[in-house]
Amino acid sequence: MAQLAETYACVPSTERGRGILISGDPKSNSILYCNGRSVIIRYLDRPLEVQVYGEHAYPATVARYSPNGEWIASADVSGTVRIWGTRNEFVLKKEFRVLSGRIDDLQWSPDGQRIVACGDGKGKSLVRAFMWDSGTNVGDFDGHSRRVLSCAFKPTRPFRIVTCGEDFLVNFYEGPPFKFKLSHRDHSNFVNCVRFSPDGSKFISVGSDKKGIIYDAKTGDIIGELSSEDGHKGSIYAISWSPDSKQVLTVSADKSAKIWEISEDNIGKVKKTLTCPGSGGVDDMLVGCLWQNDHIVTVSLGGTIFLYSASDLDKAPLSLSGHMKNVSSLALLKNEPKVLVSSSYDGLIVKWLQGTGYYGKLERKVISQIKSLAVVEEEIVSSGFDNKVWRVSLQGDQCGNAECIDIGNQPKDLSLALLSPDLVLVSIDTGVILLRGSKVVSTIDLGFTVTASAIAPNGTEAIVGGQDGKLHVYSITGDTLNEEAVLEKHRGAITAIRYSPDVSMFASADANREAVVWDCASREVKLKNMLYHTARINCIAWSPDSSMVATGSLDTCIIIYEVDKPASSRITIKGAHLGGVYGLVFTDEHSLVSSGEDACIRLWTVTPQ
């Protein structure tokens, strides 16, 4: 049996120069955001409890709870809105094709009967309001000529809808059925976000012109604005009201969040400026915010979520971060406490502590892309797409000196001799390269196309897998490789090779979905018929006592085999990661950690049957 124990969630997908929308449900104290095709549900008071909805066929853009908290409407770049239940298995209620382009914002009516969605579309339809159960139109929305970035539904009767967008307009509609009432052109740049106050008395629009304008919710007239004194110095991307409708929270490209007190005469004055801890780079621009109960949430362009307490603003915020892109490598850094490192191809390396989750980012002096990564006591070895291998020493939480070795070819795979970590085997298209420390000691042309390689922990043997499915076993003497044997069993290109921790066996996997466990001494097949995946196998991991081997595949499944039992008595984890599993590592005999295309990392408790 395999049970999901913890999920380390991905961060929201962000885009330079655009705000993102995070929303939540005050009753369950959860927040919603999107990353790729997934919609993530996170609980603010329980960071390790995460639920993921992955049924969209295209990248999701926005998701919102219905007023009663029972349903979620989520939208994607194809203009589709899916409405699904928050409980049992996320049952789908309805799916509607609302616009012809991407949807940027959607909002429920306070009675939960209607939904308004806006975004980009061909022709005139940039905004639509429809009944949640039948999809019939409830109004006509003309008046916009460019992409509509945000829309809002007045939370009290009489109902009103307000929209804003890239044509600098704020449009006001009355209904239902909704029809155009009036339009304001007081912003001089994109209007990024518009929101009604929870008591339904007013609404605010904010834009890239650094202005915030306050309107009367019933008539749509301008009644005030956010004061420019101590105001934002960059585009304002998002806004959120406090539950008591007396204050608003704004976030901006100037890397700060501000809390404004809205006075009786409708002038907003800055009450507090929240600056986020960070290096001050582009990634610290704030692009999303939410005020929910006592939590103030801000999101930076790098995806980091900061949680402040509204009742104690001087307290340092809690940072929740993680990966935004496919997590391609995973490794165990140290055993006590159990610290994992993971990397995604955009060059981000994150540390995770088993039991608590996010444990900090490793800041490297030079940020290079990462294709594969290996870790040994106090050192990280990584290779990217720029023909270089990096050896970075670790000093506590920070990266120390980094040595860069140019090997002249694109590295495909790298493997460390764990007992003499000076020695690194890097495979390239035509053969392998041996590194000792930061020197290339030999470049060996093997005469076949290499796809994967592994070096024994003591550094005396190497196994190289080829495009033709053959495994070549070499002994390493000095700086040369001598071929000892060629093992033929695979029918596809080799994708991964791993030695077992006790070095009595090794496992190999191929692109034709088969894995094989071999005996090291006799070089015979030890466990065969491991043919239960339906697509390419990406990664292999051994348990520390060498009794179990796990394979992760493009078909989103993880399969765990016991070496002493036939392959048919396996444990399968279906749908472990949307889009495929790319990293696997055992942290102890019963804990398996996996990572994948969905940028999440999951910890499974494995109990042999």
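All figures in this text were calculated on a predicted structure; none of them were measured in a lab.

Asks: Any details on the overall build of the chain? Residues and values, ideally.
Replies: Regarding its fold elements, the chain presents zero helices and 55 strands. Taken against the 2.2 N^0.38 rule, which gives 25 Å for 609 residues, the C-alpha radius of gyration of the chain at 27 Å falls within 12% of a compact globule. Looking at the chain as a whole, 59% of its 609 residues are labelled buried. Long-range pairs, those at least 24 residues apart, make up 44% of the contacts in the chain between residues at least 6 apart in sequence. Taken as a whole, the chain presents about 23,600 Å² of accessible surface, with 47% of it coming from carbon and sulfur.

Asks: So, the UniProt feature "repeat: WD" (unreviewed entry) in the chain: which residues are in play, and what are the values?
Replies: The UniProt record marks residues 53–94, 184–225, 229–270, 320–352, 487–519, 530–571 and 574–609 with the feature "repeat: WD" (unreviewed entry), using the residue numbering of this structure. When the span residues 184–225 is considered, its composition is 0% helix and 52% strand, and the gap between its end C-alpha atoms is 14 Å. Along residues 487–519 one finds 0% helix and 58% strand; the C-alpha atoms at either end are 11 Å apart.

Asks: Requested: an account of the nonpolar core, with residues and values cited.
Replies: Grouped together as the largest cluster of nonpolar side chains are 22 residues, with contacts concentrated most on Ile22, Tyr33, Ile40, Val297 and Ile305. Those elements giving two or more residues to this core turn out to be β3 (30–35), β25 (286–292), β26 (295–300) and β27 (305–309). What Tyr33 contacts, discounting residues up to four positions off in sequence, is Ala9, Cys10, Val11, Pro12, Ile22, Ser38, Val39, Ile40, Arg42 and Ile305.

Asks: How would you sum up the state of the cysteines? Please name residues and give values.
Replies: By the definition in use, this model includes zero disulfides. Looking at Cys118, it has no disulfide partner, and the nearest cysteine sulfur is the one in Cys151, 3.6 Å off. Looking at Cys118, the relative accessible area reads 0%, which means it is buried.

Asks: Pulling in residues and values, what's your account of the packing of aromatic side chains?
Replies: A full pass over the atoms with the stated rule returns 19 aromatic pairs. When the ring of Tyr53 is compared with that of Trp84, the centres are 3.8 Å apart and the planes differ by 5°; the resulting orientation is stacked. Taken together, the positions of Tyr53 in strand β5 (residues 46–53) and Trp84 in strand β8 (residues 80–85) put the pair 31 residues apart, joining distant regions of the chain. An identical accessibility class is assigned to Tyr53 and Trp84; each is buried. For the pair Phe506 and Trp518, a centre-to-centre distance of 6.1 Å together with 15° between the ring planes defines the contact as stacked. A residue pair is termed long-range when its members are at least 10 positions apart, and Phe506 in strand β46 (residues 505–510) and Trp518 in strand β47 (residues 515–519) qualify at 12 residues.

Asks: Lay out the sheet that holds strand β4 (residues 38–43) with the relevant residues and their values.
Replies: An order of β2-β3-β4-β5 is seen for the four strands of this open sheet, with the pairing classed as antiparallel. Two strands lie at the open edges of the sheet, namely β2 (23–25) and β5, each paired on one side alone. Averaged over all adjacent pairs, the angle separating strand axes in this sheet is 30°, with direction ignored. As defined by bridge partners, β4 adjoins β5 across five bridges and the pair is classed as antiparallel. Counted as the bridge partner of Val39 is Tyr53 from β5.

Asks: Provide a residue-level description of unusual backbone geometry, including the pertinent values.
Replies: The linkage connecting Arg157 with the following residue, Pro158, adopts the cis geometry, with an omega of -5°. Tracing the sequence through the fold places Pro158 in the loop between β13 (148–153) and β14 (160–165). Notably, Asp230 is not glycine yet its phi reads approximately 60°, a positive angle. Among the residues examined, Asp230 registers a relative accessible area of 45% and is labelled partly exposed. Phi at Lys255 takes a positive value of approximately 70°, unusual for a residue other than glycine.

Asks: Describe in detail the environment of Lys233, supporting the description with residues and values.
Replies: Note that Lys233 resides in the loop between β20 (222–226) and β21 (236–241). Residue Lys233 is classed as exposed on the basis of its relative accessible area of 65%. For Lys233, the contacting residues outside a window of four places in its chain are Lys210 and Asp254.

Asks: Account for the pairing of strand β35 (residues 388–395), with residues named and values stated.
Replies: In the sheet, strand β34 (residues 379–383) pairs with β35 via five bridges, with the strands oriented antiparallel. Counted as the bridge partner of Ser382 is Trp390 from β35. Hairpin connection from β34 to β35: four residues lie between these consecutive antiparallel strands, with Asn387 at a positive phi of about 65°. Across seven bridges, the pairing between β35 and strand β36 (residues 398–406) is antiparallel. Note on β36: the bridge partner recorded for Trp390 is Cys404.

Calculation rules
- Residues numbered from 1 in each chain as written.
- Predicted model: local features only at pLDDT ≥ 70, side-chain atom pairs only at ≥ 80, totals over all residues.
- Heavy atoms only, no water.
- Helix = DSSP H or I, 4+ residues; strand = E, 2+ residues; numbered from the N terminus.
- Rg over C-alpha atoms; globule rule 2.2 N^0.38 Å.
- Buried < 20%, exposed > 50% of the residue type's maximum accessible area, 1.4 Å probe, protein only.
- Contact = heavy atoms within 4.5 Å.
- Areas by Shrake-Rupley, 256 points an atom, 1.4 Å probe, with all protein chains shown as cover.
- UniProt positions renumbered as here; feature names shortened; annotations may be inferred.
- Core = buried A, V, L, I, M, F, W, Y, C linked by side-chain atoms within 4.5 Å.
- Disulfide = S-S within 2.5 Å.
- Phe/Tyr/Trp six-rings, centres within 6.5 Å; stacked < 30°, edge-to-face > 60°.
- Pairing = 2+ DSSP bridges.
- Axes fitted to C-alpha atoms, helices over the stretch in contact; angles between N-to-C directions.

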